[in-house]
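Reading the structure
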Amino acid sequence: MIYGLLQRVFRLLAYREENTPLYRAHAPLKIAALVIAWATLLHADTPQGVMAGLLYPLILHLASPRWLAKHAMVAAMLPTLFIGVAGAILSPYPPLSPEWGSRLVVLAARTYGLASATLITFATTSPPRLAGLLYRFPFAHDLVTLFYRVAPLTLGDLAEAMATQSMLGKPVHHTLIPLVLSSLRRAEGVAVSLQARGYRGGRRTRITGPGDPVWGLALLALSLASLALALLAG
């Protein structure tokens, strides 16, 4: 189960370009639409409001390639289950009461919407475009770039190590120390490479455009519509 989840997260982080409107959408506008979706779901406090707030994540699912929507759905279920179980146990309302059920639905739906919308948004935005948003801030720009270079490799190593340990019948947690050492060696190699290439501070140069503003505005409008429906639903 954990191996399969790691493989799905690996696929989400290992960016693969698709010729669809969602991939071509203007990156800053897409991020703005995500922020509005976050505000909508965090503000909604009733089942009706949260369901209205789920409209934008649902649109993202429908606009995504089938493989991406499937991976995002499965990956988003992990925090949803965790929050759902915690909410069911720690709820101040009596178990199985209407208030208990209503609060549980709100927490689970809100968590799923936040997780899935975030995963799909960043999985459909190329790393150069994300880094380009921060070209005025060298440290943040380089941090985003390095994350997208190192994180997929680390997750791939972890998934393979866990699968190997499981086949050998050994505890999975024994993979953590070798994985940490491997990640540190990889980070050191990246640092040496940057130093050899004359790494310096200062504003970075954009290597790609922000994307299609028409599709970005469409996503922003859909996110605002979801917000309006959530406010009307109360």
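Preceding block: the structure.
Quick caveat, the model's predicted, so the values are computed rather than measured. (Residues numbered from 1 in each chain as written. Predicted model: local features only at pLDDT ≥ 70, side-chain atom pairs only at ≥ 80, totals over all residues. Heavy atoms only, no water.)

**Considering the packing of helix H3 (residues 27–43) against helix H11 (residues 213–233)**
- Where H3 meets H11, the axes come as close as 8 Å, and the angle between the chain directions of the two elements is 10°. One way to sum up the angle between H3 and H11 is to call them roughly parallel. For the pair H3 and H11, the contacting residues are Leu 29, Lys 30, Ala 32, Ala 33, Ile 36, Ala 37, Thr 40 and His 43 in the first and Pro 213, Gly 216, Leu 217, Leu 219, Leu 220, Ser 223, Leu 224, Ser 226, Leu 227, Ala 230 and Leu 231 in the second. (Axes fitted to C-alpha atoms, helices over the stretch in contact; angles between N-to-C directions. Helix = DSSP H or I, 4+ residues; strand = E, 2+ residues; numbered from the N terminus. Parallel < 35°, antiparallel > 145°, perpendicular 65-115°, else oblique. Contact = heavy atoms within 4.5 Å.)

**Some thoughts on unusual backbone geometry**
- Positive phi is not limited to glycine here, since Leu 96 has a value of about 70°.
- Within the fold, Leu 96 resides in the loop between helix H6 (66–90) and helix H7 (98–123).
- For Leu 96, a relative accessible area of 75% corresponds to the exposed category. (Buried < 20%, exposed > 50% of the residue type's maximum accessible area, 1.4 Å probe, protein only.)

**Details of helix H5 (residues 55–63)**
- Inspection of H5 places Tyr 56, Pro 57, Leu 60 and His 61 among the buried residues, and these make up the whole buried set. Along the long axis of H5, the arc covered by the buried residues comes to 145°, so they all point the same way.
- Contacts from the buried residues of H5 go to helix H2 (21–24), H3, helix H4 (47–53), H6, H7 and H11. (Arc of directions from axis to C-beta.)

**Overview of the packing of H5 against H11**
- As a packed pair, H5 and H11 sit with axes 8 Å apart at the nearest point and diverge in direction by 145°. Along its contact with H5, which presents Leu 55, Tyr 56, Ile 59 and Leu 60, the element H11 presents Leu 219, Leu 222, Ser 223, Ser 226 and Leu 229.
- Looking at the contact of H5 with H11 residue by residue, the class counts come to seven nonpolar, two polar and no charged. (Nonpolar A, V, L, I, M, F, W, Y, C, P; charged D, E, K, R; others polar.)

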